[in-house]
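# Remarks on the overall topology
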Amino acid sequence: MEKRKRHQTEEKIIEIGLILVSTISILTTIGIVITLFYESYEFFMEVSMIEFFTTLRWAPVFDPPSFGVLPLLSGTLLIAVLSSFISLPLGLGSAIYLSEFASKKMRQLIKPLLELLAGIPSIVYGFFALTFITPLIRQILPDTSVYNALSASIAVGIMTLPMVASLSEDAMMAVPDSIRQGAYALGSTRLEVALHVIVPAAFSGIAASFMLAISRAIGETMIVAIAAGQTPTFTLNPLESIQTMTGFMVNMALGDIQQGSIEFKTVFVVGALLFLVTLALNFIAKFVIQKNREVY
Amino acid sequence: MTNKIKVEHLDFYYGNFQALKDINMDIHQNKITALIGPSGCGKSTFIKTMNRMFDLIDGTKATGSISFDGTELLDKNLDVVQLRKRIGMVFQKPNPFPKSIEENVLYGVKRHGDVPKSEWDELVKTSLKKASLWTEVEHKLNQSAFSLSGGQQQRLCIARALATKPEVLLMDEPTSALDPIATAKIEELLEELKKEYTVIIVTHSMQQAARISDYTGFFLNGELIEFGLTKTVFSNPTDKRTEDYITGRFG
Ligand SMILES: Nc1ncnc2c1ncn2[C@@H]1O[C@H](COP(=O)(O)OP(=O)(O)OP(=O)(O)O)[C@@H](O)[C@H]1O
Ligand SMILES: [Mg+2]
């Protein structure tokens, strides 16, 4: 009886502790969102939304300043899309190889390697892009700027690839072996089993890994700050120098700006936009995953 | 009486462990052959040699000969995809794909691409009918296979195997996860199926073997102790160990 009572109090304390901990993280998030949107509101008291969302020049510290955010948005999307061309197919390909083709030994060798790769700080990838990828691109395409979106995208793609591979492989390995056996027994080749049975069965996990990779690419700061340039350009040409939303924010944060100034507020308004883009992406992903869910 | 499959001097190894020892057996066409024996005696291993499923396990080796209508199944260069199309398999636990009922039935056909699209609907219907599942699912072919009960799932797996038009059906304890009613359904079904197919079934139930099979093989420690007409094996076994096993004196 006594013992049971003690257990109950213990459980209660643990429960309250856990609630407290999760409340802290929720409150922090709410705090960040409120700050973002409050400063954005202030920003829009001075700059019209129409200018912000429709004009094509981003020069907040110039005289006269202009506040067209589209160049930053296009820069971010360019990096996200181009890096996805590398990380998603190669990541999924690696995952398929690892889970369906590789021998156990091979898998045990490669899996930790992938996780190691995923742990390299992004600044290293940034310098790798600037000192290795960029010269390579310029050798093939001499007109390329020293700072360009392509080089940064390749580096971001390589950086996010291990994460896609590792998470997708986890999802594919989680598909019960009995299903795999069933497919082989019906006369499927390895590739057919992988593409027609395992990948669809693991779809929600794979989609989640894709989502995470794209979110990482959108939020990636160091690589783009180092290798993509600091020229807000509204362009889809990956060989030009561009600036992304995060690139702009880090650039501003490094200079000295006065609190309450319009430059100060631009950082928050861009941050808010970044937040909304990531949120929208999350919702889309949730929807896609829900629609294609296969339970087993 | 025709031999569909002829097994001669079959030895099988998992690494260094010999799981089958000098097996000789004739599988007769359009008959049901039951394989019985205590757990771990090699029944599953034996049927897995016939569609080369053991290829998927590292370190396995089979020697001797398994001749299927004159084709040597243990030939290294054999096209196993074609083989598995001709020799279908149903597993102990129902293992439908996480797809719709219809997609499950059509899976093999889509991979092999040998049935025109215009005949798919008909194939789904006939396969499900043969597995006596049609009336239960005809209005929900697009629903997930996981919405079915265990017994229905197992019949779906049978339909899925039948859809590729195999000649032989291997069944590894297909009713062990099912209740008596679902089991009775599948046993009834087997009676129908043997008109068109040759069936090899592993079972832990003596009654089931006695009820449904024409031939019975008794395995013990990787050896085939006794093989013959079910009637004979059950009423008049030649080996003492067979008799002991059948009468439940060891297990
Ligand atoms: N993948 C494997 N690797 C190594 N040994 C195995 C493997 N599969 C089975 N064995 C061994 O081979 C022997 C025969 O196994 P098998 O699965 O064929 O038995 P079974 O007669 O089907 O038994 P049960 O009635 O329990 O299903 C057992 O001793 C088992 O431990
Ligand atoms: Mg078995």
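The rules behind the values
- Residues numbered from 1 in each chain as written.
- Chains lettered and ligands numbered in written order.
- Predicted model: local features only at pLDDT ≥ 70, side-chain atom pairs only at ≥ 80, totals over all residues.
- Heavy atoms only, no water.
- Phe/Tyr/Trp six-rings, centres within 6.5 Å; stacked < 30°, edge-to-face > 60°.
- Helix = DSSP H or I, 4+ residues; strand = E, 2+ residues; numbered from the N terminus.
- Buried < 20%, exposed > 50% of the residue type's maximum accessible area, 1.4 Å probe, protein only.
- Near = heavy atom within 4 Å.
- Polar contact = N/O pair within 3.5 Å; in protein donor to acceptor, adjacent residues only side chain to side chain.
- Areas by Shrake-Rupley, 256 points an atom, 1.4 Å probe, with all protein chains shown as cover.
- Nonpolar A, V, L, I, M, F, W, Y, C, P; charged D, E, K, R; others polar.
- Domains from an automatic or database assignment.
- Contact = heavy atoms within 4.5 Å.
- Buried area = accessible area lost by both parts, 1.4 Å probe.

Enumeration according to the criterion identifies 17 aromatic pairs over all chains in this entry. Taking 5.0 Å as the distance between ring centres and 85 degrees as the angle between the ring planes, the aromatic pair formed by A:Trp58 and A:Phe248 counts as edge-to-face. One end of the pair, A:Trp58, is in strand β1 (residues 58-59); the other, A:Phe248, is in helix α11 (residues 245-254), with 190 residues separating them in the sequence. Of the two residues, A:Trp58 and A:Phe248, both sit in the buried class. Centre to centre, the rings of B:Tyr215 and B:Phe227 are 6.1 Å apart; their planes meet at 20 degrees, and the pair counts as stacked. With B:Tyr215 in strand β9 (residues 215-220) and B:Phe227 in strand β10 (residues 223-229), this pair connects stretches of sequence that are 12 residues apart. One aromatic cluster in this structure is built from A:Phe43, A:Phe44, A:Phe52, A:Phe53, A:Trp58, A:Phe67 and A:Phe248.

Moving on to the site of ligand 1. All names here are of chain B. In the vicinity of ligand 1 there are 13 residues, among which Ser39, Lys43, Ser44, Thr45 and His204 approach most closely. Between ligand 1 and the protein, one listed contact pairs an oxygen atom with a backbone N or O atom of Gly40 at 2.8 Å. One nitrogen or oxygen atom from the side chain of Thr45 is found 2.4 Å from an oxygen atom belonging to ligand 1. The fraction of the free accessible surface of ligand 1 (630 Å²) that becomes covered by protein chains is 64%. At the level of elements, β2 (17-28) and α1 (43-50) are the ones that each hand at least two residues to the shell around ligand 1. It is α1 that contributes the most residues to the shell around ligand 1, three residues altogether. Split into classes, the residues belonging to the shell around ligand 1 amount to five nonpolar, six polar and two charged.

Our focus in this paragraph is the domain arrangement of chain A. Interface size, as often reported, equals the accessible area lost upon joining of the parts. Residue and element names in this part refer to chain A. In terms of domain boundaries, chain A breaks down into domain 1 (2-45) and domain 2 (70-292). Computed from C-alpha coordinates alone, the two centres of domain 1 and domain 2 are separated by 30 Å. In this complex, domain 1 contributes nine residues to the contact, which on the side of domain 2 involves 10 residues. For the pair domain 1 and domain 2, the summed buried surface comes to about 850 Å²; carbon and sulfur atoms form 85% of the total.

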